[in-house]
Amino acid sequence: MTLLNANRQNKRGLTASLLIMPATAFVVLSLLLPMAILFRYSLNAFVPGKFMVDALTADNYIKFFTDPYYASVLFRTIRVASICTIFCLIIGFPLAYVLARTQSHFKNLLIIAVVLPLFVGNAVRAAGWMVSLGNKGAFNQSMIALGFIDAPIEIMYTELAVLLGIIAVNLPFMVLTLQSVIESIPRHVEEAAFSLGAPPLKMFWLVLWPLAIPGILAGTILTFILAMNAYATPVLLGGPKFQMMGTLIYGQFAQQNNWPFGGAISFILMTTTLFLTLIAQAFVTNKK
Amino acid sequence: MASLDLQSLTKSYGDNRVVADVSLHVAQGEFLVLLGPSGCGKTTTLRMIAGFVEPSSGNILIGGKDITTLPPWRRNCGMVFQNYALFPHLTVAENVAFGLQMRKVESIEQRKRVKDALTMVRLEHLAGRYPREMSGGQQQRVALARALAIEPDILLLDEPLSNLDAKLREEVRVEIRELQRKLGLTTILVTHDQEEALTVADRLVVMNGGHVCQIGDKRDLYERPADRFVASFIGRSSFIEGHIKGQGLFESTDGLQLKVSREINLGPATLAIRPERCRLGTSAQTCDNHLTGQVEFVSYLGSALDIHVRLGTQTKVIVQLSNQESVKEPQLGETVQIGWASTAGLLYPSDQGRESYGGL
């Protein structure tokens, strides 16, 4: 009897492992393996004219942190990603709340409207921003026509344009994550707080916010990682002089052919993102 | 603690009137129950009192003061929800203290009142627990303590027992009633469970389709149901369709001649009889209505027996016998004597209250 049971359990275990094999294999082959290779490359030396030369050196990492230019790109990336994430959280929360609590028949339509920006490719979206924000764009032209300004405000190819662009792309991720968490908080819990004498703002800080923390954390981490790794938006809206880590890495690989240094920057970006995420998580869970 | 008045309270969503012209007075310290099937408007009425739903018209007065437009956080109503609605991230003591913090009660006083409220529901030893570490019954008692701690003008209970199992439900409802009496709290409870309603209420309001059908104490509702709906919703009744022939005589559609004591106008009518007012066997002959019929169905309920007796093609009456030692269970198909006093029958005009609820 027990033998039979054990046999049956073994079989079940075998089926389970067979079922998760393809996904596991895919992750190992397409993610972990290339990463390991990339890390190995980042320890190689780069000799102009000979490209990559086998070595075991930390020179690429030292170069990054000793050259103020590269450090400034890292800090700019962190700054842009942080501002975008905070903005997405501030403007995304009310929207997510309304979406979560609405009884409207058009709820699904509203959700599609939130996701709609993601249906548009990066190039098309960037073209849209150019048309609206450029010196001869809709915004500047109408401001001049109305007499608010004399000369166009320079928005395209500035940090502001990149911020706007990344927020627009990341906002749906934040809103959808928050919405699903707020939906899981019973409306009655809010009503209980009201009936006990808590005005809306107090209710928000003492009940809704602490209960939504898991969603806030997930949404924040998601948007932060996306912003840290942004590539298309900085290229298209920031212009050639505006460098973030993503564009820097691409430049090293595709234009300079400096794979060891590109690999090193990749790992620095990955580590920084992971580190900041863990700090945020520890900070939030501690506070709770 | 204060009295509560509802004046022509109405709530419409578009053309749909969920609560229609509800007026009632609840005296200070009274336990009132809003009773009715789901969708009858009882919960919406309660939520209007709490301030979660804005009335379309009408007024709500607490202690004579109009609070119709006040937001919920300025009403001082203690509310207990069906699903407890405790704050999952706070301990039991923090949950109970929440309302006191909002009222800026100083911390020594706060601690004392939290302790008192938890003692009242016999949970002072679990003050440090989180809601998820407690049973449903305990959670509901915490919710009650939380609502009591703010010393509310009105205590509102929204089906507070329906998530508990039967045994616990009886316990908690007795506990709620005792506390309410001890504290002299003006209390409104919403439920669809008539047994629960009858146990705790000073007075009951039966609602159906957004309307108040009847307001009264338990005896009023049970002995003198205002309409066919109340007769079917409070307790059980067998209904016989027919018409009044005059001189205390009622004729059923299948031709049975039945004596009735209360007269209404001539014409189509429904006669309602409570199962426990019917007699079976030789004792039936002493009643002024006695007939013979066939036993169609017997259900054994433990303390009682329900005997379904067919009297005519369209007439069936249920007799409830209490399960005494002497009771002999009739066999299916057996011909039996059945009788009831003409005073036990209730008459309703047929065109009224047709949307009966669970009639027999």
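All values derive from a computational prediction rather than experimental measurement.

Novice: How would you summarise the overall build of chain A if you had to cite specific residues and measurements?
Specialist: Within chain A, the regular secondary structure consists of twelve helices and two strands. Listed N to C, the secondary structure of chain A is α-β-β-α-α-α-α-α-α-α-α-α-α-α in terms of helices and strands. Rg of the C-alpha trace for chain A: 24 Å, well past the compact-globule value of 19 Å for 288 residues, more than 25% over. Referenced to the eigenvectors of the C-alpha coordinate spread, the extents of chain A come out at roughly 90 × 75 × 35 Å. The buried share among the 288 residues of chain A stands at 39%.

Novice: Give me the side chain of B:K11: which residues, what numbers.
Specialist: All names here are of chain B. By secondary structure assignment, the location of K11 is in strand 1 (residues 4-13). A distance of 2.8 Å separates a polar atom in the side chain of K11 from the backbone oxygen of E54. What K11 contacts, discounting residues up to four positions off in sequence, is N16, R17, V18, V19, T44, M48, V53, E54, P55 and S56.

Novice: Please give an account of the nonpolar core that cites residues and values.
Specialist: Among the nonpolar cores identified, the biggest contains 94 residues, and A:F64, A:M245, B:L4, B:F87, B:F98, B:L156 and B:I188 are the most heavily contacted of them. Among the elements that line this core, the one with the most residues is helix 3 (residues 68-101) of chain A, at 13 residues. Leaving out residues up to four positions away in the same chain, A:F64 has contacts with A:Y70, A:A71, A:L74, A:M245, A:L248, A:F261, A:I265 and A:I268. Of all hydrophobic cores here, the second largest spans 44 residues; its members include B:V114, B:A117, B:L189 and B:V230.

Novice: Please give an account of the packing of helix 3 of chain A against helix 4 (residues 107-115) of chain A that cites residues and values.
Specialist: All names here are of chain A. Taken N-terminus to C-terminus, the directions of helix 3 and helix 4 make an angle of 155°; their axes are 9 Å apart at the nearest point. On the basis of their axis angle, the class for helix 3 and helix 4 is roughly antiparallel. Handedness of the helix 3/helix 4 crossing: left-handed. Contact with helix 3, carried on its side by L95, L99 and A100, involves K107, L110, I111 and V114 of helix 4 and no other residues of that element.

Novice: Residue-level account of the pattern of salt bridges, with values.
Specialist: The final tally for this structure, using the stated rule, is 22 salt bridges over all chains. The residue A:E159 makes a salt bridge to A:R79 at a minimum N-O spacing of 2.6 Å. On the criterion of sequence distance, the pair formed by A:E159 in helix 7 (residues 159-183) and A:R79 in helix 3 is long-range, its members being 80 residues apart. The exposure class of A:R79 is partly exposed, given its relative accessible area of 40%. Across the pair B:R277 and B:E223 runs a salt bridge, and its minimum N-O distance is 3.5 Å.

Novice: I'd like a description of the pairing of strand 4 (residues 57-62) of chain B, backed by residues and values.
Specialist: Residue and element names in this part refer to chain B. Here strand 1 runs beside strand 4; their pairing, made up of five bridges, is antiparallel. Bridge assignment links Q7 to a residue of strand 4, and that residue is N59. Pairing analysis gives two bridges linking strand 4 to strand 5 (residues 65-66), with the strands arranged antiparallel. Bridged to L61 within strand 5 is D66. The antiparallel hairpin formed by strand 4 and strand 5 contains two residues in its connecting segment, where G63 sits at a positive phi of about 55°.

Novice: Lay out the side chain of A:Q179 in plain terms, naming residues and giving numbers.
Specialist: Residues and elements named next belong to chain A. Along the chain, the position of Q179 falls in helix 7. Owing to a relative accessible area of 7%, Q179 belongs among the buried residues under this scheme. With sequence-adjacent residues up to four places away left out, Q179 is seen in contact with A96, L99, A100, K107 and I111.

Novice: Got a sec to walk through a nonpolar patch on the surface? Specific residues and values, please.
Specialist: All names here are of chain A. Taken together, the side chains of F106, L109, L110, I112, L116, L118, F119, V120 and V124 make up a nonpolar region of the molecular surface, amounting to roughly 850 Å² of accessible area. Here the nonpolar patch takes three residues from helix 4, the largest share from any one element. On the secondary structure map, I112 appears in helix 4. A relative accessible area of 42% means that I112 is categorised as partly exposed.

Novice: An account of the sheet that holds strand 20 (residues 346-349) of chain B is requested, with residue identities and associated values reported.
Specialist: Residues and elements named next belong to chain B. Strand order across the open sheet formed by five strands is 13-12-11-14-20, with antiparallel pairing between neighbours. Looking at the sheet topology across the chains shown, the edges are occupied by strand 13 (257-259) and strand 20. In this sheet, neighbouring strand axes are inclined to one another by 40° on average, regardless of whether the strands run parallel or antiparallel. One ladder, built from seven bridges, connects strand 11 (residues 238-246) with strand 14 (residues 267-273); its direction is antiparallel. When the bridges of strand 14 are listed, F239 appears paired with A272.

Novice: Tell me about the environment of B:S342, and name the residues and values.
Specialist: All names here are of chain B. Its location among the elements puts S342 in the loop between strand 19 (335-340) and strand 20. Residue S342 is classed as buried on the basis of its relative accessible area of 10%. As for S342 and V260, which are separated by 82 residues in sequence, their C-alpha atoms are 4.6 Å apart. For S342, the contacting residues outside a window of four places in its chain are K259, V260, S261, D288 and N289. Engagement of the side chain of S342 in a polar contact is seen with the side chain of D288, the distance being 2.7 Å.

Novice: Quick rundown of the environment of A:A264? Include the residues and the values.
Specialist: All names here are of chain A. When you line up the elements, A264 lands in helix 12 (residues 259-287). Residues A264 and A16 lie 248 residues apart in sequence; the distance between their C-alpha atoms is 38 Å. The contact partners of A264, leaving out residues within four places of it in the chain, are S42, N60 and Y61.

Novice: An account of the confidence of the model for chain B is requested, with residue identities and associated values reported.
Specialist: All names here are of chain B. Per-residue confidence for chain B gives a mean pLDDT of 90, with 97% of residues at or over 70. Predicted confidence for residues 352-360 stays below pLDDT 50, and this span has 23 contacts to residues more than four positions away or in other chains. Confidence metrics for the complex model read pTM 0.83 and ipTM 0.85.

Novice: With reference to specific residues and values, describe the packing of helix 4 (residues 136-149) of chain B against helix 5 (residues 166-183) of chain B.
Specialist: Residue and element names in this part refer to chain B. One can describe the packing of helix 4 onto helix 5 by two numbers: an axis separation of 11 Å at closest approach and a directional angle of 15°. Taken as axis vectors, helix 4 and helix 5 run roughly parallel relative to one another. Handedness of the crossing formed by helix 4 with helix 5: right-handed. From helix 4, G137, R141, L144 and L148 reach across to helix 5, where they touch L168, E175, I176, L179 and L183. In the contact of helix 4 with helix 5, the residues fall into six nonpolar, one polar and two charged.

Reading the values: the criteria
Residues numbered from 1 in each chain as written. Chains lettered and ligands numbered in written order. Predicted model: local features only at pLDDT ≥ 70, side-chain atom pairs only at ≥ 80, totals over all residues. Heavy atoms only, no water. Helix = DSSP H or I, 4+ residues; strand = E, 2+ residues; numbered from the N terminus. Rg over C-alpha atoms; globule rule 2.2 N^0.38 Å. Buried < 20%, exposed > 50% of the residue type's maximum accessible area, 1.4 Å probe, protein only. Polar contact = N/O pair within 3.5 Å; in protein donor to acceptor, adjacent residues only side chain to side chain. Contact = heavy atoms within 4.5 Å. Core = buried A, V, L, I, M, F, W, Y, C linked by side-chain atoms within 4.5 Å. Axes fitted to C-alpha atoms, helices over the stretch in contact; angles between N-to-C directions. Parallel < 35°, antiparallel > 145°, perpendicular 65-115°, else oblique. Left-handed = near helix turned anticlockwise from the far one by under 90°. Salt bridge = Lys/Arg side-chain N within 4 Å of Asp/Glu carboxyl O. Pairing = 2+ DSSP bridges. Patch = residues over 30% accessible without salt bridge, like charges linked within 9 Å, V, L, I, M, F, W, Y side chains within 5 Å. Areas by Shrake-Rupley, 256 points an atom, 1.4 Å probe, with all protein chains shown as cover. pLDDT = per-residue confidence, 0-100. Nonpolar A, V, L, I, M, F, W, Y, C, P; charged D, E, K, R; others polar.

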